[in-house]
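Here's the letter readout for the chains.
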Amino acid sequence: VDHPLHYCLHHPLMKLVGELGEYIDLLAKKQYKPGKIVTDEMIEAELGDSFYYIRIIAYLCEETIEDCLAQYNNLFDTIDDPETTLANTMFNAISLYCCFLEGEFVEVDYLYEIVGLFKTYIEKSGYTLDQLTQSNYLKLVDPLTGKGRHGWKSQIEYANTLDVD
C-alpha cells in the first residue's frame, strides 16, 4: 500500500465509489454531450484509477485479485449488457462501503463480486486488468528517471506492492 491513508479501509472504499462515479460521468458526457471531448485515454485512466482502489481494498481484506476472481461465483457473466454489469459493480462497491460505515463486518463476498464484475465489465469494454495496471502505473512514473513515484522500476514491481504475498 503506497499511501498512509490507504491503510484505513474507509479511504479506498470512498475513493473507489468516487472513481466509478467519475467513469460513469465520462460515459454520460460521451453519450449526451457530443461537443465534449472524451478520449479512450480518459476512459482507460478512470478505469485504471478504479482498479487501483480495488487492489488496495483487496490487500486490506488480505486477498489477492487472483483469489477474488477464484471466489467470484460468475452469476453475472451471462449478462450481455455492459451497463448492467457496471451497475452491479457500483452497487457492490456502495454496499461494501455502507457495511464499513455502519460498523458492520465487511462482507468479503462484496469484494469478490466487485472484482469479478469489474473484470467482466472491462473485458466487455475491450480492456484487460494488465492494461489498466499499466496505465495507472504510467501516471505515477517520473519522466526524468523512468521510475515510479516511490522508486518502482516497472509496473510489475508497482503491482507487487499492492498484492498480498
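The structure presented is a predicted model; accordingly, all values stated were derived computationally and were not measured. (Residues numbered from 1 in each chain as written. Predicted model: local features only at pLDDT ≥ 70, side-chain atom pairs only at ≥ 80, totals over all residues. Heavy atoms only, no water.)

The topology assignment puts Glu41 in helix H2 (residues 40-60). Of the residues examined, Glu41 reaches a relative accessible area of 60% and is grouped as exposed. (Helix = DSSP H or I, 4+ residues; strand = E, 2+ residues; numbered from the N terminus. Buried < 20%, exposed > 50% of the residue type's maximum accessible area, 1.4 Å probe, protein only.)

Okay, the environment of Ala70 next. Turning to its location among the elements, Ala70 is positioned in helix H3 (residues 65-71). For Ala70 and Tyr112, which are 42 residues apart along the polypeptide, the C-alpha to C-alpha distance reads 8.4 Å.

Our focus in this paragraph is the state of the cysteines. Enumeration over the complete set of coordinates arrives at zero disulfides. Summary of cysteine pairing: Cys61 is not part of a disulfide, and the nearest cysteine sulfur, belonging to Cys68, is at 7.7 Å. (Disulfide = S-S within 2.5 Å.)

Bringing the packing of helix H1 (residues 10-32) against H2 into the picture now. Running from N to C, H1 and H2 cross one another at 160°; their axes reach a closest spacing of 9 Å. Taken together, H1 and H2 sit at an angle that is classed as roughly antiparallel. Taken as a pair, H1 and H2 cross one another with a handedness that is left-handed. Contact residues: H1 offers Pro12, Leu13, Lys15, Leu16, Glu19, Leu20, Glu22, Tyr23, Leu26 and Lys30, while H2 offers Asp40, Met42, Ile43, Glu46, Leu47, Asp49, Ser50, Tyr53, Ile54, Ile56, Ile57 and Leu60. (Axes fitted to C-alpha atoms, helices over the stretch in contact; angles between N-to-C directions. Parallel < 35°, antiparallel > 145°, perpendicular 65-115°, else oblique. Left-handed = near helix turned anticlockwise from the far one by under 90°. Contact = heavy atoms within 4.5 Å.)

In this model helix H5 (residues 108-124) runs 24 Å from its N-terminal to its C-terminal C-alpha over 17 residues, within 8% of the 24 Å that 1.5 Å per residue would give. Taken together, the buried positions of H5 are occupied by Leu111, Tyr112, Glu113, Ile114, Val115, Gly116, Leu117, Phe118, Thr120, Tyr121 and Ile122. (Expected span 1.5 Å × (residues − 1).)

This brings us to the pattern of salt bridges. Taken as a whole and assessed by the stated rule, the structure comprises two salt bridges. The partner of Lys29 in a salt bridge is Asp25, and the shortest N-O contact between them spans 3.3 Å. In this pair, Lys29 and Asp25 both sit in helix H1, four residues apart, roughly one turn of the helix. Overall, Asp25 belongs to the partly exposed group, its relative accessible area being 37%. (Salt bridge = Lys/Arg side-chain N within 4 Å of Asp/Glu carboxyl O.)

On to the confidence of the model for the protein. Per-residue pLDDT for the protein has a mean of 77; in total, 73% of the residues score no lower than 70. Low confidence marks residues 151-156, where pLDDT is under 50. Its contacts with residues over four positions away, or in another chain, come to 16 contacts. (pLDDT = per-residue confidence, 0-100.)

Another aspect to go through is H2. Here H2 contains 21 residues, and its C-alpha end-to-end distance of 30 Å stays within 8% of the 30 Å for a straight helix at 1.5 Å per residue. Burial analysis of H2 places 15 of its 21 residues in the buried class, the great majority of the element. Within two residues after H2, Glu62 carries a phi angle of roughly 55°, on the positive side.

For the rest of this paragraph, the subject is the packing of H2 against H5. Between H2 and H5, whose axes approach to 11 Å, the crossing angle comes to 155°. Regarding the angle of H2 to H5, the classification is roughly antiparallel. For H2 against H5, the interelement crossing comes out left-handed. Taking contact as the criterion, the partners of Leu47, Ser50, Phe51, Ile54, Ile57 and Ala58 in H2 are, on H5, Leu111, Ile114, Val115, Phe118, Tyr121 and Ile122. Residues belonging to the contact of H2 with H5 are distributed by class as follows: eleven nonpolar, one polar and no charged. (Nonpolar A, V, L, I, M, F, W, Y, C, P; charged D, E, K, R; others polar.)

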